[in-house]
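Notes for the structure review
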Amino acid sequence: MKILGIETSCDETAAAVIEDGSRILSNVVASQAEMHAKYGGIVPEVASRQHMLTVVPVVRQTLEQAGLRLRDLDGVAVTHGPGLAGSLLIGVNVAKGLALAEGLPFIGINHLEGHIYAAWLEDVDPAGHPGFPLICLITSGGHTDLVLMEGHGRFTLVARTQDDA
């Protein structure tokens, strides 16, 4: 099974093709770090406008690197939150359009859960996971969380910082 994943939650436009849940066939990231550096932080409107310019080329390059076409995919996944509203809208709408155009399943992914599941990518453990229960530390943008994961999709927030800003 091959899934195209699109990520536009903040200031990076990214896409990857993942096979069978863990094998990375391609991964392309367009960073906006230099663009936002002059402001001393992320400017949401600037970020969303840049996503509009880069998301299609990033997806094209991702498919090209994987040696695939849209019709070769089994689904399209996208970060649907949390994140910057304008940036998320760009990714979600592109992913919906691609899924609709090819009649593929559309899968919305929670940004923070995506960080947790990134640990399973290219995992060397033949069982495909480190074993449950486990504690996850998520540090992403405005989120620093400790989460107890008792099984797939079963998360309990243990602790969270009050304000990462």
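Above this text you will find the structure in question.
In this report, the structure presented in the accompanying data block is examined.

So, how was this worked out
- Residues numbered from 1 in each chain as written.
- Predicted model: local features only at pLDDT ≥ 70, side-chain atom pairs only at ≥ 80, totals over all residues.
- Heavy atoms only, no water.
- Phe/Tyr/Trp six-rings, centres within 6.5 Å; stacked < 30°, edge-to-face > 60°.
- Helix = DSSP H or I, 4+ residues; strand = E, 2+ residues; numbered from the N terminus.
- Buried < 20%, exposed > 50% of the residue type's maximum accessible area, 1.4 Å probe, protein only.
- Contact = heavy atoms within 4.5 Å.
- Pairing = 2+ DSSP bridges.
- Axes fitted to C-alpha atoms, helices over the stretch in contact; angles between N-to-C directions.
- Core = buried A, V, L, I, M, F, W, Y, C linked by side-chain atoms within 4.5 Å.
- Salt bridge = Lys/Arg side-chain N within 4 Å of Asp/Glu carboxyl O.

Details of the packing of aromatic side chains
- The final tally for this structure, using the stated rule, is three aromatic pairs.
- For the ring pair Y117 and F155, a centre distance of 6.3 Å and an interplane angle of 85° mean the geometry is edge-to-face. Placement of the pair is Y117 in helix α4 (residues 111–117) and F155 in strand β8 (residues 154–160), with a sequence separation of 38 residues.
- For Y117, a relative accessible area of 27% gives the class partly exposed.
- Every member of this aromatic cluster is reached through a ring pair, and the members are Y117, W120, F132 and F155.

Details of the environment of L68
- For L68, the location among the structural elements is in the loop between α2 (44–66) and β4 (75–81).
- With a relative accessible area of 15%, L68 lands in the buried category.
- In sequence terms L68 and K2 are 66 residues apart; their C-alpha atoms lie 9.6 Å from each other.
- In contact with L68, not counting residues within four places along its chain, are K2, V17, L25, L63 and L73.

Description of the side chain of T54
- Take T54: it is sitting in helix α2.
- According to the relative accessible area criterion, T54 is buried, its value standing at 16%.
- When residues no more than four places from it in sequence are discounted, the contact partners of T54 are T13 and A30.

Points about the sheet that holds strand β6 (residues 134–140)
- Read across the open sheet, the three strands follow the order β6-β7-β8; overall the sheet is antiparallel. Bordering the open sheet on either side are β6 and β8, each of which pairs with just one other strand. Geometrically, the sheet is characterised by an average inter-axis angle of 30° between neighbouring strands, direction not taken into account.
- As paired elements, strand β7 (residues 143–151) and β8 share six bridges and run antiparallel to each other. Paired with L148 across the two strands is T156, which belongs to β8.

Structural notes on the nonpolar core
- Counting residues in hydrophobic clusters, the biggest one holds 21 residues, and the most contacted among them are L4, I6, V59, L73 and V76.
- Of all the elements in the fold, those that place two or more residues in this core are β1 (2–7), β2 (12–19), α2, β4 and α3 (85–102).
- If we ignore the near neighbours within four places in the chain, the residues touching L73 are K2, L4, V17, L63, L68 and L104.
- By size, the runner-up hydrophobic cluster in this structure holds eight residues, among which are I116, C136, V147 and M149.

As for the pattern of salt bridges
- For the structure on display, the rule yields four salt bridges.
- Of the charged contacts, one joins E19 and R23 as a salt bridge, the two residues approaching to 2.4 Å between their closest N and O atoms.
- Of the residues examined, E19 reaches a relative accessible area of 15% and is grouped as buried.
- Salt-bridge contacts for R49 lead to E45; the nearest nitrogen and oxygen are separated by 2.7 Å. In this pair, R49 and E45 both sit in helix α2, four residues apart, roughly one turn of the helix.
- By relative accessible area, which is 51% here, R49 ends up exposed.
- Via salt bridges that share partners, K2, E19 and R23 belong to a single interconnected network.

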